[in-house]
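Structure at a glance
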Amino acid sequence: SLVSAMTKIARWYDIEIVVEPQLREIAIWGTISRYEKFDKVLELIKLVDSRIKFKVEGRRVTFMK
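Everything in this summary refers to the structure shown in the same document. (Residues numbered from 1 in each chain as written. Predicted model: local features only at pLDDT ≥ 70, side-chain atom pairs only at ≥ 80, totals over all residues. Heavy atoms only, no water.)

**Observations regarding the environment of Leu-47**
Looking at the secondary structure, you find Leu-47 in helix H2 (residues 38–48). The spatial distance from the C-alpha of Leu-47 to the C-alpha of Tyr-35 is 19 Å, given a sequence separation of twelve residues. (Helix = DSSP H or I, 4+ residues; strand = E, 2+ residues; numbered from the N terminus.)

Below, the structure written as structure tokens:
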């Protein structure tokens, strides 16, 4: 699920991630190195599911529909 993937990514990049309730059940797939830049991770997430939007505010990233 998007939530489980974002939990892992939050640990990798030491950031806070908020996933809005309507996105909690979205399934995403793919692989990426934990050493990639965070911008690249966000690009890949957008490619996997076009319904996912995000807003970056400092160290907080909010995923929304």
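**Observations regarding the sheet that holds strand E3 (residues 60–64)**
The sheet built from three strands is open, its strands ordered E1-E3-E2 with mixed pairing. Whereas interior strands pair on both sides, the edge strands pair on one side only; in this sheet they are strand E1 (16–19) and strand E2 (53–57). Each strand axis lies, on average, 15° off the axis of its neighbour in the sheet, ignoring direction. Bridge count between E1 and E3: four bridges; the pairing is parallel. Bridge pairing in E3 places Val-18 opposite Thr-62. (Pairing = 2+ DSSP bridges. Axes fitted to C-alpha atoms, helices over the stretch in contact; angles between N-to-C directions.)

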